[in-house]
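# Chain and residue survey
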Amino acid sequence: MVTVLIAGGGTGGHVFPMVAVGDAVRAAAPDARVVYVGTARGIEVRVMGERGDSLELLNVLPLRGGGLSGFVRGAARAGRVLPEARRLVERLDARVVLSLGGYAGGPVSLAARSLGVPVAILEPNSVLGLSNRLLSPLVDRAYVAFPEATRALRPSSVRLFGVPLRRAFARAPYAPREGKLSLLVLGGSQGALALNDIVPRAIAQVAQGRERGVGLDVVHQTGRDREAAVRSLYAELGLADRARVVPFIDDVAEALAAADVVIARAGASTLAELCAVGRPSILIPYPFAADDHQLKNAQSLERASAAVAIAQADATEARLAGEIARLAAAPAHRARMADAAAALATPDAAARVAADLLELARAPRHRALRFPIGGHAARADEAPRRAAMRGDAPPGAALGQEEAG
């Protein structure tokens, strides 16, 4: 039995691609064991718990978002958790590790590499995240979705596969309607305060303006614990009968298929889902995303004529109302945007990542790296020697091998 460790988590942008790859691994190799690694503070606890998946938790802190002191605390915690991560990799006899960044990805990947276990990273955004950037010199594979992300990677490691999605996300026919517009508002798994305030007011301007004859209806995902305030705002604006306000949408694929236009942030998973279903969008990137990667993601879709990208600083009620009204009045243009989005889809990304991971898992292990974990340096011949003793490495493996890549 081959064990595949998939580490990351935190938000839906990490967790749902993890799930997609894990499901694809099991589909390709039913005897494979998939184990996820995350932290107690991420949504992986709820998602994997509901699915009945195997989830290991590490007490790791973020490296970004807390300034220099936060980075120092996060780095120190990651260093302290490395021995635990190493024991985890050994206990599960992991044959390959996939990191999606996030809190847990770094320590698990370093621990695996110290044991000679192949390591891969998955970068769904157009800019490498900090964890993936730090790991990139050590990895066997780098699965990316945007060509822009390849610049900082070793060319031989790169696989441009796209963002892995769950099977539910598939192309849905787009039939634009004259005089009707269904809007879907998505703020990501955590919601988006700015969208929760600006979008209802912009929709009210459209409903009251020259486009008031358009049959507008809205489904608005607010994020947990924000539903009541947004529902109250729609009611205050006279839109209570047009808006269905929910804290979280479990079947996003179905909601996308029912929408004419989607208003959303620009996380990589959200954009991949939009493209998989084939829907036009107005994207308002989260302005504090690391390295402003959401803006770069959105601009990539805009260049392909699949979306309208509006920086949050420019996303006034009037500007957003104007874009909604323009799309409402141009069904043929919306259809072209839907086709452009669908042309960017990578529906087989999860299967391709899974197949490549399984190939890595079945390959001979590397020579272990020499760096201190738990107060001692990993022996260079440690992992290959163990593999040879188990009988699952080729003759001579205990003598050490050349680095891959």
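Quick note: structure is the one above.
Rules of the game
- Residues numbered from 1 in each chain as written.
- Predicted model: local features only at pLDDT ≥ 70, side-chain atom pairs only at ≥ 80, totals over all residues.
- Heavy atoms only, no water.
- Helix = DSSP H or I, 4+ residues; strand = E, 2+ residues; numbered from the N terminus.
- Buried < 20%, exposed > 50% of the residue type's maximum accessible area, 1.4 Å probe, protein only.
- Contact = heavy atoms within 4.5 Å.
- Areas by Shrake-Rupley, 256 points an atom, 1.4 Å probe, with all protein chains shown as cover.
- Salt bridge = Lys/Arg side-chain N within 4 Å of Asp/Glu carboxyl O.
- Expected span 1.5 Å × (residues − 1).
- Pairing = 2+ DSSP bridges.
- Right-handed = clockwise from strand over helix to strand, strands pointing away.
- Core = buried A, V, L, I, M, F, W, Y, C linked by side-chain atoms within 4.5 Å.

### Side note on the overall build of the protein
Of the regular secondary structure elements, the protein holds 14 helices and 15 strands. By the burial criterion, 55% of the 405 residues in the protein qualify as buried. Within the protein, counting contacts between residues at least 6 apart in sequence, those at least 24 apart form 67% of the total. When the accessible surface of the protein is summed, it comes to about 16900 Å², and 54% of that surface belongs to carbon and sulfur atoms.

### Side note on the pattern of salt bridges
Overall, the coordinates contain 17 salt bridges when judged by the stated rule. Where Arg166 meets Glu273, a salt bridge forms, and the shortest distance between an N and an O atom there is 3.7 Å. Highlighted residues: Arg166 in the loop between strand E7 (158-160) and strand E8 (180-186) and Glu273 in helix H9 (residues 268-277), separated in sequence by 107 residues. The class of Arg166 is partly exposed, set by a relative accessible area of 23%.

### Thoughts on helix H13 (residues 349-362)
Taking 1.5 Å per residue, 14 residues should reach 20 Å; H13 reaches 20 Å between its end C-alpha atoms and fits that length. Of all the residues in H13, the buried ones are Ala349, Ala350, Val353, Ala354, Asp356, Leu357, Leu358, Leu360 and Ala361. Looking at the buried positions of H13, the neighbouring elements they touch are strand E1 (3-7), helix H1 (12-28), strand E4 (96-99), strand E5 (119-123), strand E6 (141-144) and E7.

### Examining unusual backbone geometry
Located in the positive-phi region is Asp93, a residue other than glycine, with phi close to 50°. Inspection of the secondary structure puts Asp93 in the loop between helix H3 (67-92) and E4. Residue Asp93 is classed as partly exposed on the basis of its relative accessible area, which comes to 29%. We note that Asp225 has phi near 70°; this positive angle belongs to a residue other than glycine.

### Examining the pairing of strand E2 (residues 33-38)
Within E2, five of the six residues are buried, which leaves it mostly tucked inside the rest of the structure. Bridge count for E1 against E2 is five bridges, and the pairing is parallel. Along E2, the bridge assignment pairs Val4 with Val34. As defined by bridge partners, E2 adjoins strand E3 (residues 54-57) across four bridges and the pair is classed as parallel. Within the sheet, the bridge partner assigned to Val35 lies in E3 and is Ser54. A crossover links E2 with its parallel partner E3, the connecting element being helix H2 (residues 44-51), and its sense is right-handed.

### A closer look at the nonpolar core
Counting residues in hydrophobic clusters, the biggest one holds 34 residues, and the most contacted among them are Leu183, Ile203, Tyr234, Ile282, Leu320 and Ile324. Looking at this core, the elements with two or more residues in it are E8, helix H6 (193-208), strand E9 (215-221), helix H7 (227-236), strand E10 (243-246), strand E11 (261-264) and helix H11 (317-328). If one sorts the elements of this core by residue count, H6 sits on top with nine residues. Apart from the residues within four sequence positions on either side, Tyr234 is in contact with Val199, Pro200, Ile203, Val218, His220, Leu239, Ala240, Ala243 and Val245. By size, the runner-up hydrophobic cluster in this structure holds 33 residues, among which are Leu98, Phe248, Val353 and Leu360.

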